[in-house]
Amino acid sequence: MNFADLGILPPVYAFARALVTGRGAVPDAVVRRAAAAGLGPADVLQLVTECAFATLVGLVDNLAGRIGLDEPLRPQSWK
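Described below are features of the structure shown in this document. (Residues numbered from 1 in each chain as written. Predicted model: local features only at pLDDT ≥ 70, side-chain atom pairs only at ≥ 80, totals over all residues. Heavy atoms only, no water.)

1. Thoughts on the packing of helix α1 (residues 9-21) against helix α2 (residues 28-36)
Rule in force here: Inter-axis angles, ranging from 0 to 180 degrees, are taken between N-to-C directions of lines fitted to C-alpha atoms, where helices are fitted over the stretch in contact. Each helix corresponds to a stretch of at least 4 residues labelled H or I by DSSP, and each strand to a stretch of at least 2 residues labelled E; elements are numbered beginning at the N terminus. If an angle is under 35 degrees, it is roughly parallel; if it is over 145, roughly antiparallel; if it lies from 65 to 115, roughly perpendicular; otherwise it is oblique. Here a crossing is taken to be left-handed if its near helix is turned anticlockwise relative to the far helix by less than a right angle, and right-handed if that turn runs clockwise. In this analysis, two residues are considered to be in contact whenever any of their non-hydrogen atoms come within 4.5 Å of each other. When residues are grouped by polarity, Ala, Val, Leu, Ile, Met, Phe, Trp, Tyr, Cys and Pro land in nonpolar, Asp, Glu, Lys and Arg in charged, and all others, Gly among them, in polar.
Where α1 contacts α2, the two axes come as close as 9 Å, and the packing angle between them is 150 degrees. Taken together, the axis directions place α1 and α2 in an arrangement best described as roughly antiparallel. With respect to the hand of their crossing, α1 and α2 are arranged in left-handed fashion. In this structure, α1 contributes P10, P11, A14, F15 and A18 to the contact, and α2 contributes V30, V31, R33 and A34. Here the residues of the contact of α1 with α2 sort into eight nonpolar, no polar and one charged.

Structure (structure tokens):
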């Protein structure tokens, strides 16, 4: 699926938002809208994976402020 096609962005956004806010429970209407826009099973799996990765990155980022870096990594830390 070519997500650069602007017509597909609203259903992709709606699906991703529903996935996150519903903690994985996406309403059937949102799934049908995504399918009608041309998203197939592989595209949906890609969206789920991207949302899961973004969530994991957010969790690690929140922890990073409280967990010190190992000594060898400290010179490369963000200020």
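2. Re unusual backbone geometry
Despite not being glycine, R23 has its phi angle at roughly 50 degrees, a positive value. Here R23 shows up in the loop between α1 and α2.

3. Quick look at the nonpolar core
When a protein is soluble and globular, its nonpolar side chains tend to lie buried together. Note the cut-off: What we call a nonpolar core is a set of buried Ala, Val, Leu, Ile, Met, Phe, Trp, Tyr and Cys residues that are connected through their side-chain atoms within 4.5 Å. Burial classes: relative accessible area under 20% of the type maximum marks a residue as buried, over 50% as exposed, and values in between as partly exposed (1.4 Å probe, protein chains only).
Ranked by size, the top nonpolar core spans 13 residues in total, and within it V12, F15, L19, V26, V30, L39 and L47 carry the most contacts. Those elements giving two or more residues to this core turn out to be α1, α2 and α3 (41-64). By residue number, the principal contributor to this core is α1, which donates six residues.

4. Overview of α3
Applicable threshold: Expected helix span is computed as 1.5 Å times (number of residues minus one).
The end-to-end C-alpha separation of α3 is 34 Å, in line with the 34 Å expected for 24 residues at 1.5 Å each. Those residues of α3 lying buried are D43, L47 and C51. Tucked into the core, α3 has its buried residues touching α1.

Any functional reading would require information beyond the geometric quantities listed.
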